[in-house]
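Observations on chain architecture
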Amino acid sequence: MTSGIKDTAHAVEAAAVMRLLPARPRVLALGEPTHGEELLLDVRNELFRQLVEQEGYTTIAIESDCVMGLVVDDYVTTGEGTLDEVMEHGISHGWGAFAGNRELVRWMRACNEGRPAPERLRFAGVDGPMEITGPASPRESLTALHGYLAALVHESLLPCTAETLDRLLGADERWTDQAAMMDPSRSVGRSAEARELRLLADDLAALLDERTPHLIAATSRDAWERARQYARAATGLMRYHFWMADDSPGRMARLLGVRDSIMADNLLAAARRGPVLVHAHNLHLQRHEAAMRMGDLPLDWWGAGALVSAHLGEEYAFVAGALGTIRHQGVDTPPPDTVEGLLYALPEDRCVVDARRLAAVLADAPPVPRESSWFGYFPLDPAHLAQSDGIVYVKDMPPR
């Protein structure tokens, strides 16, 4: 069996990934099983660089706030701002502080130097405007969307004035109360003001779509697409805040599902512009249903990758990330009867694995699921190996 497994593994390079696929997919997703490991970001950066240069991918997307990501896109396409400013204000979850993310943005800007605008590499955040501790206020997205429309359509077509939006929004602190994540009674998502704002967000988004030909002609396709990003963020945020205020047993599963549906919408929007490389957690990008536990509560939902795959079919490809050890987090050498343990026995420190071929090799002696000793790491599910197009395996995370 060891030789059979070895035959499925190849060097981590773009050509090895592309050989696993029937054709270049419109969306090529690279997952990771945990966040915050610089080595995984380094592997991503080199692989994405090769895929841009050799396969013509035109957008790089990461699991970061879609509205904040507009700051990064402005920087990499036009040089607006400084790298320090962009890393602080353009990437969410605190991930702007990671050297790998900084290097990605620096390289994208350098890649665009001297290129004509239509050929420039674009950046996209695909996550909603939210952190682990809760979502943002919808103010920025709603007011930006309203402002774009107010400057271009007759006021009689607008569902409200800017003053009405401001009054209904109130203080931003009402929307960003971190206690609401665990206590739905602290959320304003089902207040009378929030219900009205949810309808207004929907009307503004609909008006944007209805007036598309005029709006593109009056501004530009890029400006219109930016307004559509604000529309997706605004409607998604209002939906998320609504479920934040829910007190039913389905609350957390709905929140996870809403978040991933926002990610899927953002990813599909980026894909309409051209071929996309996206990097996020495996749970968000895998084709099969996501599952996790929060305390004693089992949760399941469909991630962004599953949703995008349902829309794009073979034009969506998923390469799962896997690793052997994260010893500084208590994740030691994997048991030899797990997928990670079998790959750990290979001599390479990192490799690209043909996931479907590996599943066939292991069919007569299926591996057991690896148990994670740390909540922040999600091992591969051996039952779903064949639903990945490939695996990028990295043996050991260096100590911090």
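Residues numbered from 1 in each chain as written. Predicted model: local features only at pLDDT ≥ 70, side-chain atom pairs only at ≥ 80, totals over all residues. Heavy atoms only, no water.

- Identification of the chain as Erythromycin esterase family protein from Nonomuraea harbinensis is taken from an unreviewed UniProt entry.

**So, the overall build of the chain**
- Broken down by element type, the chain carries 16 helices and twelve strands.
- A compact globule built from 400 residues should have a C-alpha radius of gyration of about 21 Å, and the chain, at 22 Å, falls within 12% of that.
- Principal axes of the C-alpha set define a box for the chain whose edges measure 70 × 55 × 40 Å.
- Pairs at least 24 apart in sequence give 77% of the contacts found in the chain among residues at least 6 apart.
- With an accessible surface of roughly 17,300 Å², the chain has 52% of that area assigned to carbon and sulfur atoms.
- Taken as two groups, the 39 positive and 58 negative side-chain charges of the chain have centres that lie 3 Å from each other. (Helix = DSSP H or I, 4+ residues; strand = E, 2+ residues; numbered from the N terminus. Rg over C-alpha atoms; globule rule 2.2 N^0.38 Å. Contact = heavy atoms within 4.5 Å. Areas by Shrake-Rupley, 256 points an atom, 1.4 Å probe, with all protein chains shown as cover. Lys, Arg positive; Asp, Glu negative; His and termini not counted. Charge placed at Lys NZ, Arg CZ, Asp CG, Glu CD.)

**Points about the packing of helix α7 (residues 139-150) against helix α11 (residues 221-244)**
- α11 packs onto α7 with a crossing angle of 140 degrees between their chain directions and a minimal axis gap of 8 Å. The orientation of α7 relative to α11 falls into the category oblique. Note on packing geometry: the crossing formed by α7 with α11 is left-handed. Taking contact as the criterion, the partners of S141, L142, A144, L145 and Y148 in α7 are, on α11, A223, W224, A227, Y230, A231, A233 and A234.
- The class makeup of the residues in the contact of α7 with α11 is eleven nonpolar, one polar and no charged. (Axes fitted to C-alpha atoms, helices over the stretch in contact; angles between N-to-C directions. Parallel < 35°, antiparallel > 145°, perpendicular 65-115°, else oblique. Left-handed = near helix turned anticlockwise from the far one by under 90°. Nonpolar A, V, L, I, M, F, W, Y, C, P; charged D, E, K, R; others polar.)

**Remarks on unusual backbone geometry**
- A positive phi is found at H93, a non-glycine position, where the angle reads about 65 degrees.
- Within the element layout of this structure, H93 appears in the loop between α5 (83-89) and α6 (99-112).
- Note on H93: relative accessible area 16%, which makes it buried. (Buried < 20%, exposed > 50% of the residue type's maximum accessible area, 1.4 Å probe, protein only.)

**Some remarks on the packing of aromatic side chains**
- Taken as a whole and assessed by the stated rule, the structure comprises two aromatic pairs.
- Look at F242 and W243: their rings are 5.6 Å apart centre to centre, the planes differ by 80 degrees, and that puts the pair in the edge-to-face class.
- Classification of W243 by relative accessible area gives buried; the value is 17%.
- Measuring from ring centre to ring centre gives 5.8 Å for W374 and F375, while their planes differ by 65 degrees; the resulting arrangement is edge-to-face.
- Among the residues examined, W374 registers a relative accessible area of 17% and is labelled buried.
- If you follow R190 out to its NZ or CZ, it ends over the ring of F242, 3.7 Å from the centre.
- Of note, R198 hangs over the ring of F242, and the distance from its end group to the ring centre comes to 4.6 Å. (Phe/Tyr/Trp six-rings, centres within 6.5 Å; stacked < 30°, edge-to-face > 60°. Lys NZ or Arg CZ within 6 Å of the ring centre and 35° of its normal.)

**Observations regarding the pairing of strand β12 (residues 390-396)**
- Burial analysis of β12 places six of its seven residues in the buried class, the great majority of the element.
- In the sheet, strand β10 (residues 316-325) pairs with β12 via six bridges, with the strands oriented parallel. Note on β12: the bridge partner recorded for A320 is I391.
- Across four bridges, the pairing between strand β11 (residues 350-353) and β12 is antiparallel. (Pairing = 2+ DSSP bridges.)

**Structural notes on the pattern of salt bridges**
- Following the criterion strictly, the structure yields 22 salt bridges and no others.
- R106 serves as the salt-bridge partner of E103, at 2.8 Å between the closest nitrogen and oxygen. Of this pair, E103 and R106 both sit in helix α6, separated by three residues, roughly a single helical turn.
- For R106, a relative accessible area of 36% gives the class partly exposed.
- For D172, the salt bridge goes to R139, with nearest N and O atoms at 2.8 Å. Of this pair, D172 sits in the loop between α8 (162-169) and α9 (192-210) while R139 sits in helix α7, and the two are 33 residues apart along the sequence. (Salt bridge = Lys/Arg side-chain N within 4 Å of Asp/Glu carboxyl O.)

**What about the side chain of S388?**
- Turning to its location among the elements, S388 is positioned in the loop between α16 (355-361) and β12.
- With relative accessibility at 8%, the residue S388 sits in the buried group.
- Ignoring any residue separated from it by four or fewer positions in sequence, one finds S388 in contact with R287, F318, A320, A355 and R356.

**A word on the nonpolar core**
- If you look at the biggest cluster of nonpolar residues, it comprises 45 residues, and the most contacted ones within it are L28, L51, I60, V105, M108 and L277.
- Looking at which element gives the most residues to this core, the answer is helix α3 (residues 38-55), with seven residues.
- In contact with L51, not counting residues within four places along its chain, are A14, M18, L28, G56, Y57 and L277.
- The next biggest cluster of nonpolar side chains, apart from the first, holds 37 residues, and it includes V126, L267, A304 and L342. (Core = buried A, V, L, I, M, F, W, Y, C linked by side-chain atoms within 4.5 Å.)

**A few points about the environment of S185**
- Relative to the assigned elements, S185 resides in the loop between α8 and α9.
- Look at S185 and you get exposed, because its relative accessible area is 60%.
- Separated by 62 residues in sequence, S185 and D247 have C-alpha atoms that sit 7.9 Å apart.
- Engagement of the side chain of S185 in a polar contact is seen with the side chain of D183, the distance being 2.6 Å. (Polar contact = N/O pair within 3.5 Å; in protein donor to acceptor, adjacent residues only side chain to side chain.)

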